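Each chain, letter by letter, is given below.
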Amino acid sequence: MPTEQMTIYVPPNVKKAIKQLAAAKEQSMNTIVVEALELAIAEWASQHIA
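This one's a predicted model, so the numbers in the text were calculated from it and none came from an experiment.

1. Describing the overall build of the protein
Working step 1: Along its length, the protein carries 2 helices and 0 strands.
Working step 2: The C-alpha radius of gyration of the protein comes to 13 Å, more than 25% above the 10 Å expected for a compact globule of 50 residues.
Working step 3: Taking the principal axes of the C-alpha coordinates as reference, the protein spans close to 35 × 25 × 20 Å.
Working step 4: Counting over 50 residues, the protein shows a buried share of 8%.
Working step 5: When the accessible surface of the protein is split by element, carbon and sulfur atoms take 61% of a total near 4,700 Å².

2. A few points about the pattern of salt bridges
Working step 1: Taken as a whole, this structure holds 1 salt bridge when the rule is applied.
Working step 2: Measuring nitrogen to oxygen at the nearest pair gives 3.2 Å for the salt bridge that ties Lys25 to Glu35. On the criterion of sequence distance, the pair formed by Lys25 in helix α1 (residues 12–25) and Glu35 in helix α2 (residues 29–48) is long-range, its members being 10 residues apart.
Working step 3: Take Lys25: its relative accessible area is 41%, and that puts it in the partly exposed class.
Working step 4: Judged by its relative accessible area of 29%, Glu35 is partly exposed.

3. So, a nonpolar patch on the surface
Working step 1: On the surface, a nonpolar cluster with roughly 530 Å² of combined accessible area is contributed by Met6, Ile8, Val10, Val14, Leu37 and Ile41.
Working step 2: Counting through the fold element by element, Ile41 comes out in helix α2.
Working step 3: For Ile41, a relative accessible area of 53% puts it in the exposed group.

What counts and how
- Residues numbered from 1 in each chain as written.
- Predicted model: local features only at pLDDT ≥ 70, side-chain atom pairs only at ≥ 80, totals over all residues.
- Heavy atoms only, no water.
- Helix = DSSP H or I, 4+ residues; strand = E, 2+ residues; numbered from the N terminus.
- Rg over C-alpha atoms; globule rule 2.2 N^0.38 Å.
- Buried < 20%, exposed > 50% of the residue type's maximum accessible area, 1.4 Å probe, protein only.
- Areas by Shrake-Rupley, 256 points an atom, 1.4 Å probe, with all protein chains shown as cover.
- Salt bridge = Lys/Arg side-chain N within 4 Å of Asp/Glu carboxyl O.
- Patch = residues over 30% accessible without salt bridge, like charges linked within 9 Å, V, L, I, M, F, W, Y side chains within 5 Å.

Geometric descriptors of this kind do not, in isolation, establish any biological role.
See below:
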C-alpha cells in the first residue's frame, strides 16, 4: 500500500497515550496512529456514506 508522509500535531496527553499504547503493543507510534485513523475513518464512513 503506498504511503505518504504527513505531519500531525497532538496535545501532549494524546502523544503520551499513543506512546504508551505503542510500547504495550510493541509497535511504532506511527503504526498506532495509522490504525486509529483507519478505524475512525471506517466508523465515520459507515455513518455518513450510504
